[in-house]
Amino acid sequence: EGSRVGFESFDLVLDTRLLADREKVEACGLLEEGAELLVLRTPPFQILTASDDRFARIFDGITGDCTHTFHGHRNAVRAAVFSPCGGYVATASDDFSAKLFDAKSSRHL
């Protein structure tokens, strides 16, 4: 059985071994220093992170590449979420602000 993320489930296999939740993130190379939150969106397979470094990022869940970085907070980003349609990313920070971004262009709205 895969890991539950919202109403989706997914499995990640390394060689022939089914990976546990934390191993899945590490195997994709997505466990970044200071990461506070990981949100999975399928399809497409994307992982959204909120981090102590003041940025939220979207990673391609297949390649592990960072595809978008969301700038604008002055302190750690503690929460990040995709909108239901997947077109927007909302973030909240220790700088007492919430921001809305276009998920495709990374532009602050």
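None of the values given here were measured: they were computed from a predicted structure. (Residues numbered from 1 in each chain as written. Predicted model: local features only at pLDDT ≥ 70, side-chain atom pairs only at ≥ 80, totals over all residues. Heavy atoms only, no water.)

**Here's the deal with the pairing of strand 10 (residues 88–93)**
Line of reasoning, step 1. Only one face of strand 10 is covered, namely the one carrying Val89, Thr91 and Ser93; the face carrying Tyr88, Ala90 and Ala92 has none of its residues buried.
Line of reasoning, step 2. Pairing analysis gives 5 bridges linking strand 9 (residues 77–82) to strand 10, with the strands arranged antiparallel. Of the residues in strand 10, the one forming a bridge with Ala79 is Ala92.
Line of reasoning, step 3. Hairpin connection between strand 9 and strand 10: a loop of 5 residues separates the two successive antiparallel strands, and Gly86 in this loop has a positive phi of roughly 85 degrees. (Buried < 20%, exposed > 50% of the residue type's maximum accessible area, 1.4 Å probe, protein only. Helix = DSSP H or I, 4+ residues; strand = E, 2+ residues; numbered from the N terminus. Pairing = 2+ DSSP bridges.)

**Let's talk about the packing of aromatic side chains**
Line of reasoning, step 1. Enumeration over the complete set of coordinates arrives at 1 aromatic pair.
Line of reasoning, step 2. Considering the side-chain rings of Phe70 and Phe101, the 5.2 Å spacing of their centres and the 55 degrees angle between planes classify their relative orientation as tilted. A residue pair is termed long-range when its members are at least 10 positions apart, and Phe70 in strand 8 (residues 66–70) and Phe101 in strand 11 (residues 98–102) qualify at 31 residues. A single burial state applies to Phe70 and to Phe101, both of which are buried. (Phe/Tyr/Trp six-rings, centres within 6.5 Å; stacked < 30°, edge-to-face > 60°.)

**What to know about the environment of Ala76**
Line of reasoning, step 1. As for its position among the elements, Ala76 is in the loop between strand 8 and strand 9.
Line of reasoning, step 2. Using a relative accessible area of 4% as the deciding quantity, one classes Ala76 as buried.
Line of reasoning, step 3. The spacing of Ala76 and Ser51 is 25 residues in sequence and 6.0 Å in space, taken between C-alpha atoms.
Line of reasoning, step 4. With residues up to four places along the chain from it excluded, the contact list for Ala76 reads Ser51, Asp52, Arg54, Ala92, Ser93 and Asp94. (Contact = heavy atoms within 4.5 Å.)

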